[in-house]
Amino acid sequence: MKNIYPFNSKVGYGQRRMQMQQEPRLVWLTGLSGSGKSTLALRLEHHLFHLGYKVFLLDGDNIRNGLCRDLGFSKQDRKENMRRVAEVAKLMLDAGLVVICAFISPYREERELARQVVGPERFTEVYINCSLQVCEQRDTKGLYAKARQGLIKDFTGISAPYEAPQSPHLLLRTDRESIDDSLQKLIAFVEPQLRLPQRMKAAM
Ligand SMILES: Nc1ncnc2c1ncn2[C@@H]1O[C@H](COP(=O)(O)OS(=O)(=O)O)[C@@H](OP(=O)(O)O)[C@H]1O
Ligand SMILES: Nc1ncnc2c1ncn2[C@@H]1O[C@H](COP(=O)(O)OP(=O)(O)O)[C@@H](O)[C@H]1O
């Protein structure tokens, strides 16, 4: 790094958490296209918002419409996609927010990079596990059909790899349970992680 002089804010991280009354955390949803990432992420965001949490969702399709519109789906581009998203998520966590990320994020190495960028203690990995067969049957956007016809290259699960998490914090079998069941498990796992310790609540 040349001629760059990063500096620290005069506002401490503890002060921000107290003002926001929450533990900033990145909830990272990974899984195949059509596995249920967006469905669950949207509902989790909505639920947490109405409980009073300051929460924001970053979703692949939306981010690729702006910040990452110059990126495709080669391994290199997916890696850059993850790097940018992880850096943005870090800033949002540092500002005190709860962040939900919904990205296929097919490479273990890239998910690990995201974990390191934001700090492992603030990172919760949720594996949205749905068989390729069921995702393909759902084919909510018609992308699998196009991929099978060779109209989309590097399509995850068809012509590009998906490396499943080996020890996710939470695993949801969305091909075997209802949306409500998956959502309840997700909320029950995540929400307690967002509560400030009692002593910090008392300090406000
Ligand atoms: N080749 C290929 N492979 C996978 N997905 C594709 C592809 N081309 C377009 N799409 C659409 O892009 C969405 C995935 O974007 P992500 O940013 O989550 O992908 S990645 O994390 O960089 O792998 C994905 O959204 P989801 O279906 O919500 O996962 C698709 O709508
Ligand atoms: N348990 C479940 N969790 C999430 N989605 C589910 C579940 N069961 C069925 N679905 C359906 O699967 C589809 C998932 O699509 P989507 O959320 O767009 O996936 P992704 O964002 O991973 O591409 C939706 O049509 C949804 O209604």
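This text goes with the structure placed above it.
The structure contained in this document is the topic of the report that follows. As the structure is a prediction and not an experimental result, all values here were calculated from the model. Each chain has its residues counted from 1, running along the sequence as written. Each chain takes a letter, starting from A, and each ligand takes a number, starting from 1, following the order in which they are written. Two thresholds apply to this predicted model, a pLDDT of at least 70 for residue-level local features and 80 or more for giving and counting side-chain atom pairs, whereas whole-chain, interface and lining totals are computed over all residues. Computation of side-chain values: all heavy atoms of the structure, hydrogens and water removed.

## Overview of the packing of aromatic side chains
So, step 1. Any pair of Phe, Tyr and Trp rings, taking the six-membered ring for Trp, is counted once the centres come within 6.5 Å. Such a pair is stacked with planes under 30 degrees apart, edge-to-face with planes over 60 apart, and tilted for the rest. Taken as a whole and assessed by the stated rule, the structure comprises four aromatic pairs.
So, step 2. Ring plane angle 35° and centroid distance 6.1 Å describe the contact between Trp28 and Phe123, whose orientation is recorded as tilted. With Trp28 in strand β1 (residues 26-30) and Phe123 in strand β4 (residues 123-129), this residue pair connects regions lying 95 residues apart in the sequence. There is no split in this pair, since Trp28 and Phe123 are both buried.
So, step 3. The structure contains a cluster of three or more aromatic residues connected by ring pairs, namely Trp28, Phe103 and Phe123.
So, step 4. For a Lys NZ or an Arg CZ to count as sitting over a ring, it must be within 6 Å of the ring centre and within 35 degrees of the ring normal. The positively charged end of Lys75 is found above the aromatic ring belonging to Tyr107, 4.8 Å away from the centroid. Each helix is a run of DSSP H or I of at least 4 residues and each strand a run of E of at least 2, with the numbering of both proceeding from the N terminus. We call a residue buried when its accessible area falls under 20% of the maximum for its residue type, exposed when it is over 50%, and partly exposed in between, using a 1.4 Å probe and counting protein chains only.

## Considerations on the nonpolar core
Generally speaking, a soluble globular protein has its nonpolar side chains buried in company with each other.
So, step 1. Ranked by size, the top nonpolar core spans 21 residues in total, and within it Leu29, Leu40, Leu44, Leu48, Val126, Leu172 and Leu186 carry the most contacts.
So, step 2. Elements represented by at least two residues in this core include exactly β1, α2 (37-51), β2 (55-59), β3 (98-102), β4, β5 (170-173) and α8 (179-190).
So, step 3. Should any heavy atoms of two residues lie within 4.5 Å, those residues are counted as being in contact. Once you skip the residues sitting within four places of it in the chain, Leu186 turns out to touch Leu40, Leu44, Val126, Leu170 and Leu172.
So, step 4. Side-chain atoms within 4.5 Å link the members of a nonpolar core, which is a set of buried Ala, Val, Leu, Ile, Met, Phe, Trp, Tyr and Cys residues. If you look at the next biggest cluster of nonpolar residues, it comprises 18 residues, including Leu26, Leu71, Met92 and Phe123.

## Some words on the side chain of Ser105
So, step 1. Checked against the element boundaries, Ser105 lands in the loop between β3 and α5 (108-118).
So, step 2. With sequence-adjacent residues up to four places away left out, Ser105 is seen in contact with Trp28, Leu29, Thr30, Met82, Arg111 and Tyr162.

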